[in-house]
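Listed below, chain by chain, are the residues.
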Amino acid sequence: MKLLVIGSGGREHALVWKLAQSPHLTHLWCAPGNAGIAAERLVHNQSVVECVPLTAEDLPRLLAFAQEHHADLTVVGPDHPLAMGIVDLFQSHGLRIWGPNRKAAQFESSKVFAQSFLERHGIPTAPAGTFTDPALASRFAASLGGRCAVKADGLALGKGVIICRDMAQADRAIEDILVRKTFGAAGDQLVIQELLQGMELSLHALCDGVTAHLFPTSQDHKRALDDDQGPNTGGMGAYSPTPFLTESELNHVRQVILDPWLQGCAADGIDYRGLLYPGIMLTAAGPKVLEFNARFGDPETQVYLTRLENDLVELLEACVNGTLDRVALQWSQTASVCVIMASGGYPGSYARGKIISGLAEASQLRNTKVFHAGTARQGDRIVTSGGRVLGVTAWAADLPSARTAAYRAVDQIKFEDACFRRDIASKAL
Ligand code: AMP
Ligand code: GLY
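Residues numbered from 1 in each chain as written. Chains lettered and ligands numbered in written order. Predicted model: local features only at pLDDT ≥ 70, side-chain atom pairs only at ≥ 80, totals over all residues. Heavy atoms only, no water.

Turning to the overall build of the protein, a few remarks are in order. Across its full length, the protein carries 13 helices and 24 strands. The C-alpha radius of gyration computed for the protein amounts to 21 Å, which stays within 12% of the reference 22 Å derived for 429 residues, consistent with globular compactness. Over its C-alpha atoms, taken along the principal directions, the protein stretches across nearly 60 × 45 × 45 Å. Expressed as a percentage of the 429 residues in the protein, the buried residues total 58%. The long-range share in the protein, meaning contacts at least 24 apart out of those at least 6 apart in sequence, stands at 67%. Of the roughly 17100 Å² of accessible surface on the protein, 50% is carried by carbon and sulfur atoms. Side-chain charges in the protein split into 39 positive and 45 negative, and the spacing between the mean points of these groups amounts to 3 Å. (Helix = DSSP H or I, 4+ residues; strand = E, 2+ residues; numbered from the N terminus. Rg over C-alpha atoms; globule rule 2.2 N^0.38 Å. Buried < 20%, exposed > 50% of the residue type's maximum accessible area, 1.4 Å probe, protein only. Contact = heavy atoms within 4.5 Å. Areas by Shrake-Rupley, 256 points an atom, 1.4 Å probe, with all protein chains shown as cover. Lys, Arg positive; Asp, Glu negative; His and termini not counted. Charge placed at Lys NZ, Arg CZ, Asp CG, Glu CD.)

Now the structure itself:
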């Protein structure tokens, strides 16, 4: 089989690394990929993974590439091409592609769509309202005492959610989104949710339109600094499993969130094939959905795929073919920890082109994998080229050992102004 993976982050490196282990693959392209992806080889025939200089949003060229090179399956990593309808486009040309179609991807691309789905199908979520009028939005925020999450409807590079603790902050957020249009058309509508208290977890489920298989739990660390301080980021580290849900509690989550979600999709004519990633809060009143993503999490993918024992090509094929009911997910009994090394200044502005050293030393360590995100090759050197640079991942029999191993690898790697959290997974210990 010949596969095309779309994307360039740590998530896509983890997908490529795992897919490359499949005996089914004879060729793998990644558009646009990164320096780490370009260094991967297929286990089956040792052929190198080929990076193709096409961006994830360049739908016409991606389509032409897949047609010309007879890709048997295209795997979409990031949210944007899904929201743009890449799946519908490929399918209309008879190509096989993994990921939700445009209608299904609205779970992530429209907060208004997701909120109304949750309410319509009785899935536990925060009390919320949807608004286009700033005065009505402000009145609703006031009814919550100003303690609310103000969310631009559309995709906003992960910055469209503003957490407010008083009315001054809420009014500023409403004004920014609806009046000043900080997020452009993504802010034509907004959702205001009551601020929930509790432990936040990531759920992942593979879906084929009818069947959904839930992964074990994982937890991301969204704030830039230790002890959950500093600004929100794309994610500074993750680990799996978490100790916060027992098997029976996870079953409860399946019953109150995943099952009604599947029934809701059937009732609404949504054919969801791909990965559903609900962000949930474990509140005193039970688990509640904060948001949906329509793709694998980053850095959750790095910890999940280092624990997954199935052939990933077979799983993704089963999603596309509607045969997920015939496979069971298999997880190793290990724990996995991923520490993100980022450029100084991230999530604000940062420099690029810093030389990264120690990658070879870190790659010698057992049960350790350094996934690349914002990296590029410059001659014989690897340099930084993005905010999140590396996802240093290690797995071991238990969480403390996995964590120690991940930080041992982090300590081998150096680049100017590197920053990373020292407390990944510490909530669980
Ligand atoms: P979202 O993109 O909707 O997940 O929001 C980004 C982050 O904002 C989440 O990961 C949470 O940490 C936080 N957040 C979103 N909604 C709420 C809420 N209703 N209550 C508390 N925190 C929230
Ligand atoms: N882990 C956060 C995200 O993928 O959106």
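Here the focus is the site of ligand 1. Close to ligand 1 lie 14 residues, the nearest being Lys151, Leu196, Glu200, Lys222 and Glu291. At 3.0 Å from a nitrogen atom of ligand 1 is found a main-chain nitrogen or oxygen belonging to Glu194. Starting from 470 Å² of accessible surface for ligand 1 in isolation, the protein chains cover 88%. Elements with a minimum of two residues in the shell around ligand 1: β7 (148-152), β8 (161-164), β9 (190-194) and β18 (286-293). Broken down by class, the residue content of the shell around ligand 1 amounts to 7 nonpolar, 1 polar and 6 charged. (Near = heavy atom within 4 Å. Polar contact = N/O pair within 3.5 Å; in protein donor to acceptor, adjacent residues only side chain to side chain. Nonpolar A, V, L, I, M, F, W, Y, C, P; charged D, E, K, R; others polar.)

Turning next to the pattern of salt bridges. Overall, the coordinates contain 18 salt bridges when judged by the stated rule. Two residues, Arg273 and Asp271, come together in a salt bridge whose shortest N-O distance is 3.1 Å. Residue Arg273 is classed as partly exposed on the basis of its relative accessible area, which comes to 27%. We note a salt bridge from Asp411 to Arg422, for which the minimum N-O separation is 2.8 Å. Of this pair, Asp411 sits in the loop between α13 (399-410) and β24 (418-419) while Arg422 is found in the segment after β24, placing the two residues 11 residues apart along the sequence. (Salt bridge = Lys/Arg side-chain N within 4 Å of Asp/Glu carboxyl O.)

Our next topic: the site of ligand 2. In the region of ligand 2, the neighbouring residues are Asp220, Gly234, Tyr277, Arg295, Gly297, Asp298, Pro299 and Glu300. For ligand 2, an oxygen atom lies 2.9 Å from a polar atom in the backbone of Asp298. Computed on the free molecule, ligand 2 has an accessible area of 200 Å², of which 88% lies beneath the protein chains in the complex. Broken down by class, the residue content of the shell around ligand 2 amounts to 2 nonpolar, 2 polar and 4 charged.

We now examine helix α6 (residues 111-120). α6 sits mainly inside the fold: 7 of its 10 residues count as buried. At the exit of α6 stands Gly122, carrying a positive phi of roughly 65 degrees.

Of the volumes computed, that of the second largest pocket is approximately 300 Å³. As for the second largest pocket, its lining consists of 14 residues, of which Leu359, Ser363, Lys369, Val370 and His372 are closest to the centre. Sorting the residues of the lining of the second largest pocket by element identifies α12 (359-363) and β20 (368-372) as the ones contributing at least two each. (1 Å grid on protein atoms, 1.4 Å probe; cavity = no way out; pocket = protein on both sides within 12 Å on 5 of 7 lines; lining within 4 Å. Points joined across faces, edges and corners; volume = space filled by probe spheres on them.)

As a further point, take helix α8 (residues 167-179). A turn of α-helix holds 3.6 residues, and therefore any two residues three or four places apart point the same way. Helix length check: α8 (13 residues) gives 17 Å between terminal C-alpha atoms against 18 Å at 1.5 Å per residue, within 8%. Turning to α8, its buried residues number three or more, namely Ala170, Ala173, Ile174, Ile177 and Leu178. Looking down the long axis of α8, one finds its buried residues gathered within 105 degrees of arc, a one-sided arrangement. In α8, the exposed positions that point more than 90 degrees away from the buried face belong to Ala168 and Arg172. (Expected span 1.5 Å × (residues − 1). Arc of directions from axis to C-beta.)

Spatial strand order, β3-β2-β1-β4-β5: 5 strands in an open sheet with parallel pairing. Sheet topology places β3 (50-51) and β5 (97-98) at the edges, where each strand pairs with a single neighbour. As paired elements, strand β1 (residues 2-7) and strand β4 (residues 73-76) share 4 bridges and run parallel to each other. Across the sheet, the residue bridging to Val5 is Val75, located in β4. The strands that helix α2 (residues 59-68) touches are β1, β2 (27-32) and β4; relative to β1, the one it contacts most, it runs at about 165 degrees. (Pairing = 2+ DSSP bridges. Axes fitted to C-alpha atoms, helices over the stretch in contact; angles between N-to-C directions.)

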